[in-house]
Amino acid sequence: MSYSRRHLLKGSLAGGATGLLAGLGQAQGQEGSGVSGTRKKPRGIIFCVSDGMSQGVLSMTEAFSKQVRGKGTAWWELLANSKATLGLMDTASSSSLVTDSAAASSAWSSGKRVPNGQINFDANGKRLESIGETLQKDRVRLGLVSTASITHATPAGFAASVIKRGQEDLIATQYLNRVDVILGGGSRFFDPKMRKDKKDLFGTFAKEKYDVVRTRDDLLKSKSKKILGTFSPGYIPYTIDRDQDAEMQKKVPTLSEMSEAALSRFLDDDEPFLLQVEGARIDHAAHKNDIGAILNEQMAFDDAVGKMLGMTSDHDDILVILTSDHGNANPGLNGTGAGYRQTNDHFAKIAQIKGSAEWFLQRWGKSETKSGGEMSKLMEATYGFKPAPQELEAMMDRISGKKVTEWSNQLSNPVGLLGQIVGNVTGVGWTGICHTSDPTQLTSIGPGAERFAGLVRNDSVRDRLLGLLLG
Ligand SMILES: [Zn+2]
């Protein structure tokens, strides 16, 4: 790359050009430069999904991370890295402008948009081949890591084909010998005591040379090339709740620890691989308008990304892709106060939040009196502020299921309302409690990154990945 071109590119990034243009510029720069020492095709691809991450989550997590731990995020740093390629993911399903995770992962994996709720089955009920199934034939190893049940829609989309995303018992059976590294929640779909058909999938996987682990310690000790690790019956607990619970911290690994364990199994040899790493609970927190949970969850996802970027920094044959399957509830920081001068102080109050909305509602469920006084105390203990009398009254109405008419459906829902009340203090607003149609961020670094520049339709990802891994 000539000095002038590099200079120009830096200038365009610093000048705040859109990701799209900066990405295209970078792609051209790389094509023209023939970067020495960089292989054109990667041996391995790490596909990182921050599930349900709207744009505002990325920028607020950058500010939050700087506030609470004095450093920014790996993803933000990558956006400013002239070697990275920037793009946008065009998300939709065959049945809706707004996709769910099942259809989104199926589009990436099968190359076809399918109806929401289906995993690699099209609108006519035709079974489609997942990317994992294709790669298995060419002996490309596959890994899946998630903070949801590992049989949940996003990981399942890469390795299973089922007509309904809820068929997690069936999805678990399809992973056998197709996915070498399986780490996340969801032990109930492998455990004979919890599966509907009482089959012992842990035993079946162990017979096929998987190391079956159930605790953080066993994960960290394991050296087995094939591994099945499930660390909770369903989802892995939210980071914000895990951080308050020493017992949980001992038993349940972080996403970063699971990602490191997975990637080390692929980096240690010369075989081609595809590894999907999902921060699943960013999406769940968005559905609950839960600002404390979502920023801590995105920070945990970013830790995993930072760890893997560090592990691959001296490998020139690994492509790392960061994206999201869809937006969700589009949270954003609104300016507050005259001249927006109170914005930063309001935003800083998020750091006081001590638990997720899920944890808050569980505590409320256990409260004895269910009185307004108790609700006020619990809100203060969890969020660090007392609700105003009318906010408290509204919360009591929604939570007791009293029929209410609101101008926005979001406010008829207890978590939707709670999110707005917390937003009155933090400045963070939400557009709803559901997925959104916006394109999502797409950031890539490593050989082949230029193929993920600009606007990329979700159903074109399969060909791009296979072109790099098999082409
Ligand atoms: Zn969702």
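As the structure is a computational prediction, the values presented were derived from the model and not from experiment.

(A) Spotlight on the overall build of the chain. Within the chain one finds 21 helices and 14 strands. For 471 residues, the compact-globule estimate of 2.2 N^0.38 gives 23 Å, and the C-alpha radius of gyration of the chain, at 22 Å, lies within 12% of that figure. In terms of overall dimensions, the chain has C-alpha extents of about 65 × 65 × 45 Å along its principal axes. Out of the 471 residues belonging to the chain, those deemed buried represent 56%. Of the contacts made within the chain by residues no fewer than 6 positions apart, 72% connect residues no fewer than 24 positions apart. Computing the positive centroid from 57 side-chain charges and the negative centroid from 53, the chain places the two 2 Å apart.

(B) Geometry of unusual backbone geometry. You will see that N177, though not glycine, has its phi angle at about 60 degrees, which is positive. Look at N177 and you get partly exposed, because its relative accessible area is 32%. Positive phi, close to 70 degrees, is recorded for K209, a residue that is not glycine. Within the secondary structure, K209 is located in the loop between α9 (201–207) and β5 (211–213). Look at K209 and you get exposed, because its relative accessible area is 67%.

(C) Examining the confidence of the model for the chain more closely. When the pLDDT values of the chain are averaged, the result is 92; 92% of them are 70 or greater. Note that pLDDT drops below 50 for residues 1–39; the model gives that stretch 42 contacts with residues more than four away or on any other chain.

(D) Region of the structure containing the packing of helix α19 (residues 389–399) against helix α20 (residues 414–426). Here α19 crosses α20 at 165 degrees, and the two axes come no closer than 9 Å. With respect to α20, the element α19 is oriented roughly antiparallel. Crossing of α19 against α20: the hand is left-handed. From α19, E391, A394, M395, R398 and I399 reach across to α20, where they touch P414, L417, L418, I421 and N424. For the contact of α19 with α20, a count of residues per class yields seven nonpolar, one polar and two charged.

(E) Layout of the packing of helix α18 (residues 372–383) against α19. Axis separation between α18 and α19 bottoms out at 10 Å; the angle between their running directions is 105 degrees. Between α18 and α19, the interaxial angle falls into the category roughly perpendicular. For the pair formed by α18 and α19, the contact residues are G372, M375, S376 and M379 on the first element and L392, M395, M396 and I399 on the second. Residue classes in the contact of α18 with α19 are distributed as six nonpolar, two polar and no charged.

(F) The arrangement of the packing of aromatic side chains in detail. Per the counting criterion, the structure on display carries nine aromatic pairs. Taken together, a centroid distance of 5.9 Å and an interplanar angle of 25 degrees make the contact between F190 and F202 stacked. You can see F190 sitting in the loop between β4 (181–185) and α9 and its partner F202 sitting in helix α9, a full twelve residues away along the chain. Residue classification places F190 among the buried positions, given a relative accessible area of 0%. Classification of F202 by relative accessible area gives buried; the value is 9%. Taken together, a centroid distance of 4.8 Å and an interplanar angle of 15 degrees make the contact between F266 and F273 stacked. Residue classification places F266 among the buried positions, given a relative accessible area of 1%. Pairwise contacts between aromatic rings join F190, F202, F205 and Y210 into one cluster. A cation sits over an aromatic face here: R281 above Y238, 3.8 Å from the ring centre.

(G) View of the sheet that holds strand β1 (residues 44–50). Taken together, ten strands build an open sheet; the order of strands is β5-β6-β4-β3-β7-β1-β8-β13-β2-β14 and the sheet is mixed. The sheet terminates laterally at β5 and β14 (454–457), the two strands that pair on one side only. Direction aside, the axes of adjacent strands within the sheet are offset by 15 degrees on average. In the packing of helix α15 (residues 291–312) onto the sheet, contacts are made with β1, β7 (273–279), β8 (318–323) and β13 (440–445), and the angle to β1 comes to roughly 165 degrees.

Each value, and the rule that gives it
- Residues numbered from 1 in each chain as written.
- Predicted model: local features only at pLDDT ≥ 70, side-chain atom pairs only at ≥ 80, totals over all residues.
- Heavy atoms only, no water.
- Helix = DSSP H or I, 4+ residues; strand = E, 2+ residues; numbered from the N terminus.
- Rg over C-alpha atoms; globule rule 2.2 N^0.38 Å.
- Buried < 20%, exposed > 50% of the residue type's maximum accessible area, 1.4 Å probe, protein only.
- Contact = heavy atoms within 4.5 Å.
- Lys, Arg positive; Asp, Glu negative; His and termini not counted.
- Charge placed at Lys NZ, Arg CZ, Asp CG, Glu CD.
- pLDDT = per-residue confidence, 0-100.
- Axes fitted to C-alpha atoms, helices over the stretch in contact; angles between N-to-C directions.
- Parallel < 35°, antiparallel > 145°, perpendicular 65-115°, else oblique.
- Left-handed = near helix turned anticlockwise from the far one by under 90°.
- Nonpolar A, V, L, I, M, F, W, Y, C, P; charged D, E, K, R; others polar.
- Phe/Tyr/Trp six-rings, centres within 6.5 Å; stacked < 30°, edge-to-face > 60°.
- Lys NZ or Arg CZ within 6 Å of the ring centre and 35° of its normal.
- Pairing = 2+ DSSP bridges.

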